Amino acid sequence: MSVDAEAGRLRTEADEPGWEPDPDDDWGLAVLATVGRQLRLRREAVGMRAGEFGKAVGYGEDLVYKIEGGKRIPRPEYLEDADRVLGAGGLIAAMKEDVKKVRYPKSVREIAKLEAKAVEVALYSNHNVHGLLQTDEHMRSLFDAWLPAYSDEETERMMAARMARRSIFERSPAPTLSFVQEEVTLRRPVGGRMVWRRQLERLLELGRLRNVSIQVMPTDCEEHFGTGGLIEVLKFPDGTAVGRSEGAFNGRPVSDPKQLRILDLRYSMIRAQALPPRESRAFIEQMLGET
């Protein structure tokens, strides 16, 4: 293989958008510094130069140095290949879980941590289809439409974080998930007609799960208790809960029982005003037929 061909085969920094650490994420930076130090020490212990090691794992020398210096987030397969090449016996590969979390924004990481523990999740969304329900294409179209525009790195980071949260649908035992979506969020053809169709199909698919309830709030509802914005309530096995709403308590998460009762009341009223799950499914199917 020629030098030019070999260089073209290796991943370089330009090939890796969305893998820069958040400079304000102290925990994430500490994890990357520890992982990078272990990678460098093990590489040096077996007598491999950075360029030689990079070729062995399919990365350019520049990225090897950045990862070892804690300035880049290594992909899971990078850690797997490094473990094999350096003969680490699984110790490097075992770092994948912590490293995976570093890529997600701190706020999303906290939400995902809570969602992973919850036995009941109640969500009302009135701006867009809720992130847990979005298809990849719909999600990307929303991020691409944001102003000021996100960089490619920011978009990739946020998409990775949101997609990771969807593992809640695969948990066992399965939590009870309740969604109420404003009709307008389902009628907006985000990303174009085909992306819109696939989003509606995704809602029908998730709505078939026994632990998932999806309801549509009709736009012509005269009395509406959801005008305060998004509501999210998560309940845990020990009887505790946490919730937040754009229109209450300055949008901050709350766990005080009195405040949670207010959010519970609002969500219960919104559910009562929305179409029942069966009628909501028929409504979405009708919309799909009209696209």
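Whatever comes next refers back to the structure up there.
Residues numbered from 1 in each chain as written. Predicted model: local features only at pLDDT ≥ 70, side-chain atom pairs only at ≥ 80, totals over all residues. Heavy atoms only, no water.

Novice: An account of the overall build of the protein is requested, with residue identities and associated values reported.
Specialist: Regarding its fold elements, the protein presents 13 helices and 5 strands. With respect to the principal axes defined by its C-alpha atoms, the protein has extents near 70 × 45 × 35 Å. Buried positions account for 44% of the 291 residues belonging to the protein. In the form shown here, the protein has an accessible surface area of approximately 15,400 Å², with 52% of it arising from carbon and sulfur atoms. If the 44 positive side-chain charges of the protein are averaged to one point and the 47 negative ones to another, these points end up 3 Å apart. (Helix = DSSP H or I, 4+ residues; strand = E, 2+ residues; numbered from the N terminus. Buried < 20%, exposed > 50% of the residue type's maximum accessible area, 1.4 Å probe, protein only. Areas by Shrake-Rupley, 256 points an atom, 1.4 Å probe, with all protein chains shown as cover. Lys, Arg positive; Asp, Glu negative; His and termini not counted. Charge placed at Lys NZ, Arg CZ, Asp CG, Glu CD.)

Novice: An account of unusual backbone geometry is needed here, citing residue identities and associated values.
Specialist: Residue Leu147 is joined to Pro148 through a cis peptide bond whose omega torsion reads -5°. In this fold, Pro148 is placed in the loop between α8 (136-144) and α9 (152-165). With an omega of 0°, the peptide bond between Ser172 and Pro173 qualifies as cis. With respect to the secondary-structure elements, Pro173 resides in the loop between α9 and β2 (176-182). Phi angles above zero are rare outside glycine, and Phe249 is one such case at about 55°. Within the secondary structure, Phe249 is located in the loop between β5 (241-245) and α12 (257-273). Classification of Phe249 as partly exposed rests on a relative accessible area of 24%. With a phi close to 60°, Asn250 is a non-glycine residue in the positive phi region. Its place among the elements puts Asn250 in the loop between β5 and α12. Classification of Asn250 as exposed rests on a relative accessible area of 67%.

Novice: Account for the environment of Phe249, with residues named and values stated.
Specialist: In the structure, Phe249 is positioned 10 residues away from Gln259 in sequence and 8.3 Å away in space, judged by C-alpha atoms. Those residues in contact with Phe249 that lie beyond four places of it in its chain are Val254, Gln259, Ile262 and Leu263. (Contact = heavy atoms within 4.5 Å.)

Novice: Let's hear about the sheet that holds strand β4 (residues 231-235): which residues, and what values?
Specialist: The mixed open sheet is built from 5 strands, whose spatial order is β3-β2-β1-β4-β5. In the strand order of this sheet, the two ends are held by β3 (212-217) and β5, each with one partner. With direction set aside, neighbouring strand axes in the sheet form an average angle of 5°. With 6 bridges connecting them, strand β1 (residues 120-125) and β2 associate as parallel partners. When the bridges of β2 are listed, Val121 appears paired with Leu177. (Pairing = 2+ DSSP bridges. Axes fitted to C-alpha atoms, helices over the stretch in contact; angles between N-to-C directions.)

Novice: How would you explain the packing of helix α11 (residues 193-207) against helix α13 (residues 277-290) if you had to name every residue and give the values?
Specialist: Helix packing for two helices is described by the angle between their axes and how far apart those axes are. Running from N to C, α11 and α13 cross one another at 160°; their axes reach a closest spacing of 10 Å. In terms of their interaxial angle, α11 and α13 are classed as roughly antiparallel. The handedness of the crossing between α11 and α13 comes out as left-handed. In contact with Trp196, Arg197, Leu200, Glu201, Leu203 and Leu204 of α11, α13 contributes Arg281, Ile284, Glu285, Met287 and Leu288. The class makeup of the residues in the contact of α11 with α13 is 7 nonpolar, no polar and 4 charged. (Parallel < 35°, antiparallel > 145°, perpendicular 65-115°, else oblique. Left-handed = near helix turned anticlockwise from the far one by under 90°. Nonpolar A, V, L, I, M, F, W, Y, C, P; charged D, E, K, R; others polar.)

Novice: An account of helix α2 (residues 26-45) is needed here, citing residue identities and associated values.
Specialist: For α2, spanning 20 residues, the distance from its first C-alpha to its last is 28 Å, which sits close to the expected 28 Å at 1.5 Å a residue. Every buried residue of α2 is listed here: Gly28, Val31, Leu32, Val35, Gly36, Leu39 and Arg43. Around the axis of α2, the buried residues are gathered within 125° of arc, so they sit on the same side. Counted as exposed and oriented over 90 degrees from the buried face of α2: Asp26 and Ala45. Where α2 is buried, its residues meet α3 (50-57), α4 (61-68), α5 (76-86) and α6 (96-102). After α2 finishes, the residue Gly47 shows a positive phi value of roughly 75°. (Expected span 1.5 Å × (residues − 1). Arc of directions from axis to C-beta.)

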